[in-house]
Amino acid sequence: MTRYIFVTGGVVSSLGKGIVSSSIGMLLQARGYKITIQKFDPYINIDPGTLNPYEHGECYVTVDGMETDLDLGHYERFTGIRTTRNNSVTTGRIYKTVIDRERRGDYLGKTIQVVPHITDEIKHRMRRDDDEFDFVITEIGGTIGDIESAPFLEAIRQLRWELGNKAVSVHLTYVPYLKAADELKTKPTQHSVKEMQGMGIQPDVLVLRTEKHLSDGVRQKVASFCNVDLECVVQSEDMPSIYDVPVSMQTQGIDAAILRKFGIPVGERPSMASWHKFLELQRHATREVHVGLVGKYDLQDAYKSIRESLNLAGIYNEVKVKIHFINSEEVTADNVAQKLEGMAGVLICPGFGTRGIEGKIIAAQYTRTHDIPTFGICLGMQMMVIEFARNVLGYADANSKEMDTETPHNVIDIMESQKNITNMGGTMRLGAYKCNLLADSRVAEIYGSCEISERHRHRYEFNNKYIDEYEAHGMKCTGRNPESDLVEIVEIPDKKWYIGTQFHPEYSSTVLNPHPLFMDFVKTIK
Ligand code: GLN
């Protein structure tokens, strides 16, 4: 039997609903339950694939090729589950489904309305109707009170009515601290709960985000003003690391409280030994190793999975990876030495468009010629390839077709399948593809296998007609797709670590299973 947990947020955004949802998922998993976590976002875009990272942070890609919200990255990193296109739904997708159905005539002449047609479609996707999971956790994007999220809340209200004690509502709010009064204020929480109640939803569990510890008195007050059991008022204090959150939630018994709400026997508290071992390593990983992140989006969330993958690999290597963002638009041949000074390793970021591309090429040249370990991902790998053509193969005009230039040496070319595409959304080469590794290559050694599968998001590719030339000059194509023969990995074996991947390994690094490429990169530079 599947049970449903709905996670909403109130008062302000950015409270960390994704972390709380992931923590709940992970705690239930630790008790042996099969879970999944899905995100419902109230915007009209069909998916975040067409959004600028400045709008929405990183675009996370599922194994089955859906471009999704970065919270799915948290879900995977915390729980190790593999999400799919079912785990990410937007208002746009809901409306598109309903409108397409209307055009086909499936509604037999009825007037199509938000209630019941839109809400029915939302409910259908929330329920999933597969018996695969014990718990489906649904996180609702946005903040209670937003006009856009109203249909999602109406759907939750209906589902709670229909499902009875098979549905639990968890509401995350903020308790501000007023310095002048030296007081923690619960009024915004009371208002947020009232707003939920006004929509017919009584939250079962409240998670209070706070920068200061909340006394039992404060929790008691919230419990009685909001009709919530005291054991169901949990606080989420600022933690040194997001990975401490599940432990704090477990100590306060959020998982037990949720199980009791469902009427499920609670049983013993699981030990979560590997998680604690990881946290122990994290506490001791204090020696800093400096990594330059060469990219164009000066925003923490824009390279979220890369940052987390480096961080996790650092912890397992017993070091703290200190990431320095280096804006590729500002990198020139004159200042590159100064910009990369002190970096033990450099990661050249993925990206789209031509802005900042030359800076990435200059950085790649500098790190190659100074033998600084370098990791290029997607566009980063492509820039390593162009740099090599310009400065080693002697093609000064070498370029990528993405750079809007048609030169005789487009060493990065548009993929055949991408040539006549006019629609932007969801049309790239997306999701996991198989890749075969050359037996005696560095990457095969790192992966400990010659057959891997990794996630992609790109339109351009290494131009295979140059393979022999590259290989003769020392850059090897050590990973290839077995079906299409696309080059997925390049490496210069003579260097300490100079590897570029057309795919995105950062999407599959998890807390308990850090990605081998990131592990080896950090091991080399530490
Ligand atoms: N813009 C490049 C392409 O489409 C690289 C994409 C990326 O870095 N994700 O191929």
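Reference entry: report on the structure contained in this document. (Residues numbered from 1 in each chain as written. Predicted model: local features only at pLDDT ≥ 70, side-chain atom pairs only at ≥ 80, totals over all residues. Heavy atoms only, no water.)

## Section: the overall build of the chain
Under the convention used in this document: A helix here means a DSSP run of H or I that spans at least four residues, while a strand means a run of E at least two residues long, and both kinds are numbered starting from the N terminus. In this treatment the radius of gyration is a C-alpha quantity, and the globule benchmark scales as 2.2 Å times the residue count to the 0.38 power. Classification of residues uses two cut-offs on accessible area relative to the type maximum, computed with a 1.4 Å probe and protein chains only: under 20% is buried, over 50% is exposed, and between them is partly exposed. The contact definition used throughout considers only heavy atoms, calling two residues in contact when any of these lie within 4.5 Å. Surface accessibility in these figures is a Shrake-Rupley result with a 1.4 Å probe; residues are shielded only by whichever protein chains are displayed. Positive residues here are Lys and Arg, negative ones are Asp and Glu, while His and the chain termini are left out of the count. To locate a charge, the coordinates of NZ of Lys, CZ of Arg, CG of Asp or CD of Glu are taken.
The helix and strand inventory of the chain stands at 18 helices and 23 strands. Here the C-alpha radius of gyration of the chain, 25 Å, is about what a compact globule of 526 residues would show, namely 24 Å. Dimensions along the principal axes, computed over C-alpha positions, put the chain at roughly 75 × 60 × 45 Å. Every one of the 526 residues in the chain was classed for burial, and the buried ones make up 59%. Considering only contacts within the chain whose residues lie at least 6 apart along the sequence, 73% involve residues at least 24 apart. Of the roughly 21,700 Å² that the chain leaves accessible, carbon and sulfur atoms contribute 48%. Treating the 60 positive side-chain charges of the chain as one cloud and the 71 negative ones as another, the clouds have centres 4 Å apart.

## Re the packing of aromatic side chains
The line we're drawing: Only centres within 6.5 Å qualify two rings of Phe, Tyr or Trp (six-membered ring in Trp) as a pair; their planes then separate them into stacked at under 30 degrees, edge-to-face at over 60, and tilted for everything else. Charge over a ring is defined by NZ of Lys or CZ of Arg lying within 6 Å of the ring centre and within 35 degrees of the ring normal.
Applying the stated criterion across every chain, the model contains 20 aromatic pairs. With centroids separated by 4.9 Å and ring planes inclined at 50 degrees, the aromatic side chains of F375 and F518 adopt a geometry described as tilted. Highlighted residues: F375 in strand β15 (residues 374-377) and F518 in helix α18 (residues 516-525), separated in sequence by 143 residues. With respect to burial, F375 and F518 carry one shared label: buried. Between R429 and the ring centre of Y433, over which it is positioned, the NZ or CZ distance is 4.2 Å.

## Structural notes on the site of the ligand
The cut-off we apply is this: Proximity criterion: a residue is near a molecule or strand once any of its heavy atoms comes within 4 Å of it. Polar contact is the term for a pair of N or O atoms within 3.5 Å; when the atoms are in protein, one must be able to donate a hydrogen and the other to accept it, and sequence-neighboring residues count only if both atoms are side-chain atoms.
Contacts to the ligand come from P350, G351, F352, C378, L379, Q382, E402, R457, H458, R459, Y460 and H504. Note that a nitrogen atom of the ligand is positioned 2.9 Å from one of the backbone N or O atoms of R457. Here an oxygen atom of the ligand and a backbone polar atom of R459 are 2.9 Å apart. For the ligand, whose accessible area on its own is 300 Å², the fraction buried by protein is 99%.

## Comments concerning helix α12 (residues 304-316)
What counts here: Given the number of residues in a helix, its expected span is that number minus one, multiplied by 1.5 Å.
Taking 1.5 Å of rise per residue, the 13 residues of α12 would be expected to cover 18 Å, and the 19 Å separating its terminal C-alpha atoms lies within 8% of that figure. Along α12, 11 of the 13 residues are buried, which leaves the element largely enclosed by surrounding structure. Within the sequence span of α12, burial applies to K304, S305, I306, R307, E308, S309, L310, L312, A313, G314 and I315. Backbone geometry just after α12 places E318 at a positive phi near 60 degrees.

## Concerning unusual backbone geometry
Of the consecutive residues V115 and P116, the connecting peptide bond is found in the cis state with omega at 15 degrees. Assignment of secondary structure puts P116 in helix α5 (residues 114-127). A positive phi angle, close to 50 degrees, is found at D371, a residue other than glycine. Structurally, D371 is set in the loop between α14 (357-369) and β15. You will see that C378, though not glycine, has its phi angle at about 55 degrees, which is positive. Inspection of the secondary structure puts C378 in the loop between β15 and α15 (379-393). Looking at C378, the relative accessible area reads 5%, which means it is buried.

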